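Listed below, chain by chain, are the residues.
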Amino acid sequence: MKKIFLSACVAALLLFNISAASAITYTGSLSSSDGIYGTADWASGASLSWSVTNEYNKGSVGKWAYTYTWTASRKGLSHIIIELSPDVKNQVYVTAASGTKWQIKEWFDQGNSNPGIPGPLWGVKVDTPSGDWVTFAFTLISDRAPVWGDFYAKDGVSGEGKDKLDVYAYNQGFLDPDPTDAPGNGSIRYHILRPDTVGVPEPMTMILLGVGLLGLGAATRRKS
């Protein structure tokens, strides 16, 4: 019995070490010159970069952190929408500058609030505290592993001022099917990394599962 317990402890430690060593980070970006369609002042000088890692919360492997940084040479950002899978509702939390608001649902050109969006997009809409953010960074915290998807961004003063122009941008692959390729660095067919439908078990869950399987195996051996 002691041997079985010792084996279970060793297996748990091994599983923990495997989980602890499985830190993953992906980075990528799109820009006006390569992968972003933008209008007016965002036809050039706009970019969206991302860093996705499962090493969140001071180096512990667990939930995924999706950090996005929007940059434009002119015209501040009003809001940006990052695609999510339709069943993702309360499994995503946004961290950003004080005053940032966010909401998850299906978005389209609702009352001209998303002018030029190519089609409906289920996702998280992140509103900046004001419309003058030429650089804006925020992080999505989720238990969902990364897959490829789309984004849409809108200027904070579109349709106002002297030019009366709507300023918006989105990835050039927006209307194409989301790639099913494995996540990686860079971009695939002008898509970004975003949270998937399927949750990923926490490391402790995997440890408990491993111990449970060892116990089941030991019980089976005793019966035989």
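Given the structure is predicted, the values throughout are model-derived calculations rather than measurements.

Novice: Please clarify how the sheet that holds strand E8 (residues 121-127) should be interpreted in this entry.
Specialist: Within the open sheet, the six strands sit side by side as E2-E12-E11-E5-E8-E7. Their pairing is antiparallel. Each edge of the sheet is formed by a strand with only one pairing partner; in this case those strands are strand E2 (36-38) and strand E7 (101-107). If you compare each strand with its neighbour and ignore which way they point, the axes differ by 20° on average. Relative to strand E12 (residues 168-171), strand E11 (residues 151-155) runs antiparallel, the two sharing three bridges. Residue pairing for E12: Tyr152 is matched across the bridge by Tyr170.

Novice: Quick question: what am I supposed to make of the pattern of salt bridges here?
Specialist: Pairs may arise between side chains of opposite charge once their charged atoms sit close together. Considering all chains together, one arrives at seven salt bridges under this definition. Its salt-bridge partner being Asp87, residue Arg144 comes within 3.5 Å of it at the nearest N-O pair. Of this pair, Arg144 sits in strand E10 (residues 144-149) while Asp87 sits in the loop between strand E5 (77-83) and strand E6 (92-95), and the two are 57 residues apart along the sequence. Take Arg144: its relative accessible area is 5%, and that puts it in the buried class. Here the salt bridges share partners, and the residues they tie into one network are Glu83, Asp178 and Arg194.

Novice: Would you mind going over the confidence of the model for the protein chain with me for this structure?
Specialist: The predicted structure's coordinates, where accompanied by low pLDDT, should not be read in detail. For the protein chain, per-residue confidence averages 81 on the pLDDT scale, and 73% of positions sit at 70 or higher. Ignoring residues within four places in sequence, the model shows residues 2-20, a span with pLDDT below 50, making 15 contacts including any to other chains. Low pLDDT, under 50, characterises residues 158-162; the stretch is placed with six contacts to residues that sit more than four places away or in other chains.

Novice: Before we go on, may I ask you to explain the pairing of E8 in this structure?
Specialist: Each regular strand displays side chains that alternate between the two surfaces of the sheet. Most of E8 is tucked away, with five of its seven residues classed as buried. Both E5 and E8 contribute to a ladder of five bridges, which runs antiparallel. Paired with Glu83 across the two strands is Gly123, which belongs to E8.

Novice: What should I look at first to understand the sheet that holds strand E4 (residues 61-72) in this one?
Specialist: Strand-to-strand pairing in sheets goes through backbone hydrogen bonds, with the strands running parallel or antiparallel. Strand order across the open sheet formed by five strands is E1-E3-E4-E9-E6, with antiparallel pairing between neighbours. For this open sheet the edge positions go to strand E1 (25-31) and E6, each flanked by a neighbour on one side alone. Mean inter-strand twist for the sheet, computed between neighbouring axes without regard to direction, equals 15°. Sheet topology note: the E4/strand E9 (residues 135-142) ladder contains eight bridges and is antiparallel.

Novice: Mind showing me how you'd approach the pairing of E4 here?
Specialist: Pairing of strand E3 (residues 46-55) with E4 involves nine bridges; the strand directions are antiparallel. In the sheet register, Thr53 faces E4, and the bridge partner there is Ala65.

Novice: Before we go on, may I ask you to explain the nonpolar core in this structure?
Specialist: Grouped together as the largest cluster of nonpolar side chains are 34 residues, with contacts concentrated most on Trp70 and Phe151. Excluding residues within four positions of it along the chain, Trp70 makes contact with Ile36, Trp42, Ala46, Ser47, Leu48, Leu77, Val134, Thr135, Phe136, Phe151, Ala153 and Ala169.

About the thresholds
- Note on numbering: residues in each chain are counted from 1, in written sequence order.
- Given that the model is predicted, a residue must reach a pLDDT of at least 70 before its local features are reported, and side-chain atom pairs must reach 80 or more before they are shown or counted; all residues, however, enter totals for whole chains, interfaces and linings.
- Only hydrogens and water are set aside when side-chain values are computed; all heavy atoms of the structure are taken into account.
- Between any two strands, pairing holds if DSSP finds at least two bridges.
- Helix and strand labels come from DSSP, where a helix needs a run of H or I of at least four residues and a strand needs a run of E of at least two; each type is numbered from the N terminus.
- Note on definitions: angles span 0 to 180 degrees between N-to-C directions of axes, and those axes are lines fitted to C-alpha atoms, for helices only across the stretch in contact.
- Here a salt bridge means any side-chain nitrogen of Lys or Arg lying within 4 Å of a carboxyl oxygen belonging to Asp or Glu.
- Partly exposed residues are those whose accessible area sits between 20% and 50% of the maximum for their type, while under 20% is buried and over 50% is exposed, using a 1.4 Å probe and protein chains only.
- Across the chain, each position has a pLDDT score giving the predictor's confidence in that residue, from 0 to 100.
- When checking whether two residues touch, look at their non-hydrogen atoms; a contact exists if any pair is within 4.5 Å.
- By nonpolar core we mean a set of buried residues, namely Ala, Val, Leu, Ile, Met, Phe, Trp, Tyr and Cys, connected to one another through side-chain atoms within 4.5 Å.

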